[in-house]
Amino acid sequence: MPHTTTVMKAVTFHHHGGVDQLRVDRVPIPEVGRGEVLVRVKACALNHLDLWIRHGIPAYRIALPHISGCDIAGVIEQVGDDEGRSSDEWAPGQAVIISPGLSCWSCPWCLAGKDNLCPSFKILGAQVHGGYAEFVSVPRINVLPIPPALTFEQAAAFPLVSVTAWHMVRTLANLQPTETVLVMGAGSGVGSMAIQLANMIGARVLGTVGTEEKIARAKELGANEVINHQTDDVGRKTRDLTSGRGVDVVIEHIGQRVWDGCFKALAKGVHLVTCGATTGGEITLDARSLFSRQLTVMGSYMGTRTELLQVCTMIERGTIHPIVDRVFPLEEARAAQDYLLSRKAFGKVVLTVDGKDR
Ligand SMILES: [Zn+2]
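About the cut-offs
Residues numbered from 1 in each chain as written. Predicted model: local features only at pLDDT ≥ 70, side-chain atom pairs only at ≥ 80, totals over all residues. Heavy atoms only, no water. Donors = N, O, S within 2.8 Å, 3.2 Å for Na, K, Ca; no water. Helix = DSSP H or I, 4+ residues; strand = E, 2+ residues; numbered from the N terminus. Buried < 20%, exposed > 50% of the residue type's maximum accessible area, 1.4 Å probe, protein only. Pairing = 2+ DSSP bridges. Axes fitted to C-alpha atoms, helices over the stretch in contact; angles between N-to-C directions. Contact = heavy atoms within 4.5 Å. Phe/Tyr/Trp six-rings, centres within 6.5 Å; stacked < 30°, edge-to-face > 60°. Lys NZ or Arg CZ within 6 Å of the ring centre and 35° of its normal.

Points about the coordination of the zinc ion
Tetrahedral coordination by four donors places them ideally at 109.5 degrees to one another around the metal; octahedral coordination by six donors ideally gives 90 or 180 degrees.
Thinking step 1. For the zinc ion, the full set of protein donor atoms is C104 (SG), C107 (SG), C110 (SG) and C118 (SG), and the range of their distances to it is 2.3 Å.
Thinking step 2. Site description for the zinc ion: donor spacing in sequence, C-x2-C-x2-C-x7-C. Of the two residues, C104 is situated in the loop between β6 (101–102) and α2 (108–111) and C118 in the loop between α2 and β7 (122–123); the sequence distance between them amounts to 14 residues.
Thinking step 3. Classification of C104 as partly exposed rests on a relative accessible area of 33%.
Thinking step 4. Residue classification places C118 among the buried positions, given a relative accessible area of 5%.

Following this line, the structure appears as structure tokens:
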């Protein structure tokens, strides 16, 4: 049924701070601009980015109040006008996912297919309102068909982390079947995807976890060996598992607490790719070690729309799977963020908006 009111339920924060800043609000349903689509949100996955933005960091100067939520699955509610043309591609009632990267599609980077390098690149739910709400309005190009076999909750659980992991594993590290990769935080959203993707490529996969309970899950997902990064010396353990040589690629997003171990785990002439710093961003890097061991440290930020389409194909074929740990109702966003912060989750934490699935 089309919406008949002009207000919607949303979880907002009016001030930066702790989880207690989140509140269930009534806010206007977003306008559907030219070339945009209004989506009725069914499920929205959490990301650590939600916590950073709620807390407030200089890299994300946003207007308040704000609605978080980067990963959205839902149903098209309304299709906006597009310079006099109506869409023959999308119609109300279609189930969709939303690509979380927003870019201009006219600059040299976008035209070259490297839209995550666009000068105006934004992430849905970060610099603009996201999916902790009943509705969200997005550019039509960001709407993609939902992979058929997935529930809304599963569909919300994969876009951001899978495109991030694929960009790191394939595009930046160019991981090969003959290589060994160390994936930090196998139970995280990015880690659980990186393990599956590395496994698909045929590489030997070493994964790390923060608790003993997650070891079996990481192995089920495709890790050949699992290291506890809380209790083990990651560098030494990795070298033990690789006959002293070290790994060809490290996929990293934990930051400060594990950085030295990751660096020690690298073989000569190889890559460390990082996309996050959940334990803090202050790291030390010895230039002598960097050049004498001929190492490359690569920064990675999301991925491209094309890479997301590639991941969608893998999901449709059942090559990789979204990993949903726990689902909370939208109204319990505080509890959901607390749970994500507790690091107990293996896979994604998802908010469900009206409680009904496909
Ligand atoms: Zn651009």
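A short note on the sheet that holds strand β11 (residues 204–209)
Note: strands within a sheet are paired through backbone hydrogen bonds, in either parallel or antiparallel orientation.
Thinking step 1. Across the sheet, which stays open at both edges, the six strands sit in the order β12-β11-β10-β13-β14-β15 with parallel pairing between neighbours. With one partner strand each, in any of the chains shown, β12 (225–228) and β15 (296–299) form the two edges of the open sheet. In this sheet, neighbouring strand axes are inclined to one another by 20° on average, regardless of whether the strands run parallel or antiparallel.
Thinking step 2. Summarising the sheet, strand β10 (residues 180–183) and β11 pair through four bridges and their orientation is parallel. From the neighbouring strand, T180 faces β11, where its bridge partner is R204.
Thinking step 3. Along the sheet, helix α7 (residues 234–241) makes contact with β10, β11, β12, β13 (247–252) and β14 (266–274), crossing β12 at roughly 160°.

Things to note about the packing of aromatic side chains
Thinking step 1. Counted under the stated rule, the structure contains three aromatic pairs.
Thinking step 2. Ring centres 6.3 Å apart and planes at 25° place the aromatic pair W259 and F263 in the stacked group. On the criterion of helical spacing, the pair formed by W259 and F263 is a turn pair, its members being four residues apart in helix α8 (residues 259–264).
Thinking step 3. On the basis of relative accessibility, which here comes to 5%, the residue W259 falls in the buried class.
Thinking step 4. On the basis of an interplanar angle of 50° and a centroid distance of 5.9 Å, the ring pair of F328 and Y339 is categorised as tilted. Taken together, the positions of F328 in strand β16 (residues 324–329) and Y339 in helix α11 (residues 333–341) put the pair 11 residues apart, joining distant regions of the chain. Note on accessibility: F328 and Y339 belong to one class, buried.
Thinking step 5. Across the ring face of Y339, the terminal group of R326 is positioned such that the distance to the ring centre comes to 4.7 Å.

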